[in-house]
Amino acid sequence: MLDRERERMFAMLGDLEGAVLLDLFSGTGAATLEALSRGAARSIVVENGRRVLPVLRRNLEKMGAGERASLLNLSALSLPRTQHPEQHSIDIAVCTPPFPLLEDPARNPAFCALFDHVLGHLLIPGGVFVLEHPARFDPTALVARGEPGRSRRTASSAITFFSAPESRQTPS
C-alpha cells in the first residue's frame, strides 16, 4: 500500500484511540506502525515472508512497538486453522495481500475462509475489515459476512471497508 493510500485509509477510519488492530499480510509493518502512532492500543501482526520478516522485526523494534505489537509468523491464509485467544476482541482488521495471490482463483476458498473467520470470529460486532485490492477486482464475491461500505479507488488499486455483523449468527 502506498503511503498516500495508507494515509487516506487511516483518515477514513478516524479515531483509533485504544483500538486493537489485526494487520494481515503485514509486509514491513507500516499499517501497524501508523495505527500505533495514531493511538491504537496494540496490533497483531501476521506475516511469514522470509525476506520481509527481518525488516518487519527491525521496524517494530526501531519504532518502540514492544509489547504493543505481537508478531504471528504464519501465513495469513492459515489463520482460520490456528488457535488464538483473540476471538471477538479486534476492532479493525487491515488486509493487504499481494494482488496476484488475491486474484488467483485457486486461492479463492482460502481467502473466503480467512475473511469469514476475521469478520465472524475475530472482529468485535460492528468492527471494521479493510481490504486493499486491485481496482478491477470485486471483493464482495469473497466476503460472505459483513456489509460492504465505503470504497476508495485509485487508478490501479482500491480499499474497501466492510463492517462485521452486529450478531454472530451464521449467514443463510
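Note: the structure precedes this text.
Residues numbered from 1 in each chain as written. Predicted model: local features only at pLDDT ≥ 70, side-chain atom pairs only at ≥ 80, totals over all residues. Heavy atoms only, no water.

**Q** I'd like a description of the overall build of the protein, backed by residues and values.
**A** The helix and strand inventory of the protein stands at five helices and seven strands. Scanning the protein from its N terminus toward the C terminus, one meets helices and strands in the order α-β-α-β-α-β-β-α-α-β-β-β. For the protein, the C-alpha radius of gyration of 15 Å lies close to 16 Å, the compact-globule estimate for 172 residues. Referenced to the eigenvectors of the C-alpha coordinate spread, the extents of the protein come out at roughly 45 × 35 × 30 Å. Out of the 172 residues belonging to the protein, those deemed buried represent 47%. In the protein, the proportion of contacts linking residues at least 24 apart, taken out of those at least 6 apart, comes to 70%. Taken together, the 19 basic and 19 acidic charged side chains of the protein have centroids lying 5 Å from each other. (Helix = DSSP H or I, 4+ residues; strand = E, 2+ residues; numbered from the N terminus. Rg over C-alpha atoms; globule rule 2.2 N^0.38 Å. Buried < 20%, exposed > 50% of the residue type's maximum accessible area, 1.4 Å probe, protein only. Contact = heavy atoms within 4.5 Å. Lys, Arg positive; Asp, Glu negative; His and termini not counted. Charge placed at Lys NZ, Arg CZ, Asp CG, Glu CD.)

**Q** I'd like a description of unusual backbone geometry, backed by residues and values.
**A** You will see that F25, though not glycine, has its phi angle at about 55°, which is positive. Under the relative-accessibility criterion, F25 is labelled buried at 13%.

**Q** Can you break down the pattern of salt bridges residue by residue, with the values?
**A** Counted according to the given criterion, the structure contains three salt bridges. Ionic pairing is found between R38 and E7, a salt bridge with its closest N-O pair at 3.1 Å. One end of the pair, R38, is in the loop between α2 (30-37) and β2 (42-46); the other, E7, is in helix α1 (residues 3-13), with 31 residues separating them in the sequence. Residue R38 is classed as partly exposed on the basis of its relative accessible area, which comes to 29%. You can call E7 partly exposed: its relative accessible area is 41%. (Salt bridge = Lys/Arg side-chain N within 4 Å of Asp/Glu carboxyl O.)

**Q** Would you mind going over the packing of α1 against α2 in detail, with residue names and values included?
**A** The axes of two packed helices give the description: the angle between them and the distance between them. As a packed pair, α1 and α2 sit with axes 11 Å apart at the nearest point and diverge in direction by 45°. The orientation of α1 relative to α2 falls into the category oblique. Crossing of α1 against α2: the hand is right-handed. Packed against α1, whose contacting residues are R6, E7 and F10, the element α2 presents A30, A31, E34 and A35 at the interface. Split by residue class, the contact of α1 with α2 holds four nonpolar, no polar and three charged. (Axes fitted to C-alpha atoms, helices over the stretch in contact; angles between N-to-C directions. Parallel < 35°, antiparallel > 145°, perpendicular 65-115°, else oblique. Left-handed = near helix turned anticlockwise from the far one by under 90°. Nonpolar A, V, L, I, M, F, W, Y, C, P; charged D, E, K, R; others polar.)

**Q** Please set out the pairing of strand β5 (residues 123-134) residue by residue, giving values where relevant.
**A** Two elements, strand β4 (residues 90-95) and β5, share five bridges in a ladder whose sense is parallel. Looking at the pairing, I90 lines up with L123 of β5. Direction of pairing for β5 relative to strand β7 (residues 157-163): antiparallel, over a ladder of seven bridges. The residue of β7 that forms the bridge with H133 is A158. (Pairing = 2+ DSSP bridges.)

**Q** Any details on the nonpolar core? Residues and values, ideally.
**A** With 28 residues, the main nonpolar core has L22, L24, L114, F115, V118 and F129 as its most contacted residues. When contributions to this core are tallied by element, the ones reaching two or more residues are β1 (20-24), β2, β4, α5 (108-122) and β5. Of the residues forming this core, the biggest block, six residues, is contributed by α5. Not counting residues up to four positions away in its chain, the partners in contact with L114 are L24, F25, A76, L77, L79 and P80. Counting 22 residues, the second largest nonpolar core, distinct from the first, contains L16, L33, L56 and I92. (Core = buried A, V, L, I, M, F, W, Y, C linked by side-chain atoms within 4.5 Å.)

**Q** Which residues make up the side chain of T96, and what values do they have?
**A** Residue placement: T96 occurs in the loop between β4 and α4 (99-103). At 3.1 Å, the side chain of T96 and the backbone oxygen of F25 are in polar contact. (Polar contact = N/O pair within 3.5 Å; in protein donor to acceptor, adjacent residues only side chain to side chain.)

**Q** Describe α1, and please don't skip the residues or the numbers.
**A** Residues of α1 that are buried: E5, R6, M9, F10 and L13. Buried residues of α1 fall within an arc of 135° about the axis and therefore sit on the same side. Exposed side of α1, more than 90 degrees from the buried face: R4 and A11 are the residues found there. Looking at the packing, one finds that the buried side of α1 touches α2, β4, β5 and β7. Just past α1, the residue G14 takes up positive phi, approximately 80°. (Arc of directions from axis to C-beta.)

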